[in-house]
Amino acid sequence: MRLTQLDEHPLHVPRDEHPLHVPLDNKGVKIKYSKEQLRNVFKKNDTNNDGRLSKKELKLAFKELDSHFPSYRAHRGLRHADANDDGYVDIENELEALVVYVVKKCGYTIS
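What counts and how
- Residues numbered from 1 in each chain as written.
- Predicted model: local features only at pLDDT ≥ 70, side-chain atom pairs only at ≥ 80, totals over all residues.
- Heavy atoms only, no water.
- Helix = DSSP H or I, 4+ residues; strand = E, 2+ residues; numbered from the N terminus.
- Buried < 20%, exposed > 50% of the residue type's maximum accessible area, 1.4 Å probe, protein only.
- Contact = heavy atoms within 4.5 Å.
- Lys, Arg positive; Asp, Glu negative; His and termini not counted.
- Salt bridge = Lys/Arg side-chain N within 4 Å of Asp/Glu carboxyl O.
- Polar contact = N/O pair within 3.5 Å; in protein donor to acceptor, adjacent residues only side chain to side chain.
- Phe/Tyr/Trp six-rings, centres within 6.5 Å; stacked < 30°, edge-to-face > 60°.
- Lys NZ or Arg CZ within 6 Å of the ring centre and 35° of its normal.

Bringing unusual backbone geometry into the picture now. Phi angles above zero are rare outside glycine, and Asn49 is one such case at about 55°. On the secondary structure map, Asn49 appears in the loop between helix 1 (35–44) and strand 2 (52–53). Given a relative accessible area of 67%, Asn49 falls into the exposed group. Of note in this structure, Asp85 is not a glycine but carries a positive phi near 55°.

Here Val41 shows up in helix 1. The buried category is assigned to Val41, whose relative accessible area is 10%. Placed 20 residues apart in sequence, Val41 and Ala61 show a C-alpha to C-alpha distance of 6.2 Å. Apart from the residues lying within four places of it in its own chain, the contact partners of Val41 are Ala61, Glu64 and Leu65.

Now for the side chain of Glu57. Tracing the backbone shows Glu57 in helix 2 (residues 55–64). No salt bridge is formed by the buried Glu57, whose closest oppositely charged neighbour, Arg52, lies at an N-O distance of 7.2 Å. A polar contact of 3.0 Å, which involves the side chain of Glu57, links it to the backbone nitrogen of Thr47. Reaching out from Glu57, the side chain makes a polar contact with the backbone nitrogen of Asn48 at a distance of 3.4 Å.

Let us now look at the packing of aromatic side chains. For the coordinates displayed, the defined rule picks out 1 aromatic pair. Where Phe42 meets Phe62, the ring centres are 5.5 Å apart and the plane angle is 70°; that geometry is what we call edge-to-face. With Phe42 in helix 1 and Phe62 in helix 2, this pair connects stretches of sequence that are 20 residues apart. Judged by relative accessible area, which is 0%, Phe62 ranks as buried. One cation-aromatic arrangement involves Arg52 over Tyr88; the distance from NZ or CZ to the ring centre is 3.6 Å.

Structural data, given as structure tokens:
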């Protein structure tokens, strides 16, 4: 069988599903966030208002940030930011480490 298009290849990953995908606006320009906007996205996704972010809540936040692999980003973000290894990102003490992860490792840009 001969493949005529790249997207027919069994190992092909569409550009917008690639793990290093950076969110773009409808004109193909990187979306820029301020650090405060990123903090607010995460705070808003503390759905049970306990002052900490679970992996599930992180996944919701990364979906809001248009990540194409929000589960992966949530897992990695938790590993980077959870200083006390309790399985949560404490908003008061650990949120800044999560924002640093998002900017440095996920490709989100700061305005």
